[in-house]
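Next come the chains, spelled out residue by residue.
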Amino acid sequence: MSRPRARIRWNGDAVLGRTRAGAVRGLLLGAEHLLAESRKEVPIAEGTLERSGATTVDEQDLVAGVTYDTPYAARVHEDLTARHSPGRKAKFLEGPLQRESGTITEIIAAQVRRALR
């Protein structure tokens, strides 16, 4: 008696590619969300610091970044003694990251799920 045969089609490479693409898109959207939230708190004198905010995604390592690119950005971020306009403060990037980490995680997960449909 012969054994029944089964065929299996392995689409692992396609699935991994779509998963990675979804993760990259999710990282970009998550970083943009963080940038938008941090812009609500970044100290404003002339607006230069706020306008210098940018996002990046390293697609190879699946790492996203949010930066403020002025010579004084780090100093303003870390100086807890400085006085700012109401609603504006030091730790303008760290605070929103801590508060929004769950939302950012959900944004990334949603993009991975969407890529796998």
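As a reminder, the structure under discussion sits directly above these lines.
All of these numbers come straight from a predicted model, not from anything done at the bench.

Draft legend 1. Summary view of the pairing of strand 1 (residues 53–58). Where strand 1 and strand 2 (residues 63–68) come together, six bridges link them in antiparallel fashion. Bridging across to strand 2, Val57 finds its partner in Ala64. With antiparallel pairing between neighbouring strands as the criterion, strand 1 and strand 2 make up a hairpin whose turn holds four residues, including Leu62 at a positive phi of roughly 55 degrees.

Draft legend 2. Main features of the nonpolar core. One finds Ala31, Leu34, Leu35, Val42, Leu49, Val66, Tyr68, Ala73, Val76, Phe92, Leu93 and Ile104 forming the largest nonpolar core, which totals twelve residues. Secondary structure elements with two or more residues in this core: helix 1 (12–39), strand 2 and helix 3 (73–78). Looking at this core element by element, the count peaks at three residues for helix 1. Residues contacting Ile104, with those up to four places away along its chain left out, are Gly30, His33, Leu34 and Leu97.

Draft legend 3. Representation of the pattern of salt bridges in the model. If you walk through the whole model with that rule in mind, you get five salt bridges. Where Lys89 meets Glu41, a salt bridge forms, and the shortest distance between an N and an O atom there is 3.7 Å. Here Lys89 is found in the loop between helix 3 and helix 4 (94–115), whereas its partner Glu41 is found in the loop between helix 1 and helix 2 (48–51), with 48 residues between them in sequence. A relative accessible area of 38% means that Lys89 is categorised as partly exposed. Glu41 serves as the salt-bridge partner of Arg99, at 2.3 Å between the closest nitrogen and oxygen. With a gap of 58 residues between them, Arg99 in helix 4 and Glu41 in the loop between helix 1 and helix 2 connect regions that are remote in the sequence. Judged by its relative accessible area of 9%, Glu41 is buried. Ionic contacts of the salt-bridge type, sharing partners, join the residues Glu41, Lys89 and Arg99 into one network.

Analysis parameters
Residues numbered from 1 in each chain as written. Predicted model: local features only at pLDDT ≥ 70, side-chain atom pairs only at ≥ 80, totals over all residues. Heavy atoms only, no water. Pairing = 2+ DSSP bridges. Helix = DSSP H or I, 4+ residues; strand = E, 2+ residues; numbered from the N terminus. Core = buried A, V, L, I, M, F, W, Y, C linked by side-chain atoms within 4.5 Å. Buried < 20%, exposed > 50% of the residue type's maximum accessible area, 1.4 Å probe, protein only. Contact = heavy atoms within 4.5 Å. Salt bridge = Lys/Arg side-chain N within 4 Å of Asp/Glu carboxyl O.

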